[in-house]
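Okay, here's what each chain looks like letter by letter:
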Amino acid sequence: RSFETPEAGAVYVVPGARGPNQLPTGDLEYPVNVANIDGENVTWRERMLTLRSNTAQQRIGMALAAGDVNGDGFADLVVGSAPSAAPGCMPPACGAVAVIWGGPDFFERGELTFENLGSQVGVLVQSDDGDATHGMGARVTTVDLDMDARDEVVTSLGIPSEALGTPHGVVLFRGADFADTYGTGATATSGTHLVLHGPTGRSSGFGLHLARGDANGDRRYDLLIGAPFEHVLRDDLGYPGTVGLRY
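Quick look at the structure, then. Since the model is a prediction, treat every value here as computed from it, not as a measurement.

Inspection of the secondary structure assignment puts Thr184 in the loop between α3 (178–182) and β11 (193–197). Residues Thr184 and Gly118 lie 66 residues apart in sequence; the distance between their C-alpha atoms is 9.8 Å.

Right, let's talk about the state of the cysteines for a bit. Defined simply, a disulfide is a covalent bond joining two cysteines at their sulfur atoms. By the definition in use, this model includes one disulfide. The disulfide bridge from Cys89 ends at Cys94, spanning 2.1 Å between sulfur atoms. One quick way to see it: the torsion about the S-S bond of Cys89 and Cys94 is about 120°, and its sign makes the bridge right-handed. The buried category is assigned to Cys94, whose relative accessible area is 0%.

In regular strands, side chains alternate between the two faces of the sheet. Only one face of strand β3 (residues 63–67) is covered, namely the face carrying Ala63, Ala65 and Gly67; the face carrying Leu64 and Ala66 is uncovered. Across five bridges, β3 lies against strand β4 (residues 76–80) in antiparallel orientation. Each bridged residue has a counterpart across the sheet, and for Leu64 the counterpart in β4 is Val79.

In this structure, Pro92 follows Pro91 across a cis peptide bond, with omega equal to 5°. Relative to the helices and strands, Pro92 resides in the loop between β4 and β5 (96–100). Look at the link from Thr166 to Pro167: it is a cis peptide, with omega at 15°. Mapped onto the elements, Pro167 comes out in the loop between β9 (152–157) and β10 (169–173). Phi at Gln57 takes a positive value of approximately 65°, unusual for a residue other than glycine. On the secondary structure map, Gln57 appears in the loop between β2 (49–52) and β3. On the basis of relative accessible area, Gln57 is assigned to the partly exposed category, the value being 38%.

Our focus in this paragraph is the sheet that holds β11. Strand order in the open sheet made by the four strands is β8-β9-β10-β11, with antiparallel pairing throughout. Whereas interior strands pair on both sides, the edge strands pair on one side only; in this sheet they are β8 (136–143) and β11. Direction aside, the axes of adjacent strands within the sheet are offset by 20° on average. In the sheet, β9 pairs with β10 via five bridges, with the strands oriented antiparallel. If you follow Ser156 over to β10, its bridge partner there is Val170.

What counts and how
- Residues numbered from 1 in each chain as written.
- Predicted model: local features only at pLDDT ≥ 70, side-chain atom pairs only at ≥ 80, totals over all residues.
- Heavy atoms only, no water.
- Helix = DSSP H or I, 4+ residues; strand = E, 2+ residues; numbered from the N terminus.
- Disulfide = S-S within 2.5 Å.
- Buried < 20%, exposed > 50% of the residue type's maximum accessible area, 1.4 Å probe, protein only.
- Pairing = 2+ DSSP bridges.
- Axes fitted to C-alpha atoms, helices over the stretch in contact; angles between N-to-C directions.

Here it is in structure tokens:
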């Protein structure tokens with residue numbers, strides 16, 4: 001669809017095999033027949049969940065993550081996009097993150113549209129021009145920081161660029177009230193959120209890389225934030241970069 005909506009982007013979710021040693025091998029082209037996986041005479045395309053955008057330059061799929069955001073025991077798909085750096089943007093171009101709810105009917109939904117997710121299927125969180133979350137979406141991860149069995153959604157602020165030193169911050173949305181708040185179409189700043197800003201006056205790329213892990217062995221996940229353009233004022237070090245750890 002690139003000729004219809006330039007660089008709108010798409011995300012494809014390929015179902016896993018239904019048993020051991022049933023994955024296809026060799027060079028496969030999309031759409032490929034997957035009858036040898038599960039005995040059904042269907043193509044991969046018919047078995048996939050596909051997410052597309054109707055907004056030019058949205059570039060959905062810029063970032064992907066999975067986590068149980070609503071605490072129902074199923075992994076949810078988190079989809080980031082490329083935000084606009086220019087003022088005067090219109091949502092969702094100012095930055096957006098979509099969460100597609102997991103469930104037993106996940107692959108029965110066929111093709112979805114990023115901008116028109118129903119509340120039973122997922123949630124689209126959009127930032128507005130000039131608000132605190134403007135530019136979110138280019139990097140995403142999930143992490144349960146408050147141990148309530150619902151993952152928080154974490155995303156960076158700013159288009160990845162070494163020349164600009166961006167991203168410049170990270171925004172965190174609580175999993176506990178994510179579905180209730182943003183299922184109504186509220187903008188990003190309407191719900192419970194936390195914005196972590198990078199070092200003042202430094203083009204550090206704070207948030208270019210996001211990850212989670214139990215760093216100190218206390219059985220609680222921690223959030224790792226990479227800032228690869230961070231520099232120390234010494235000629236022999238150049239731009240070594242830093243990693244921040246949030247407990």
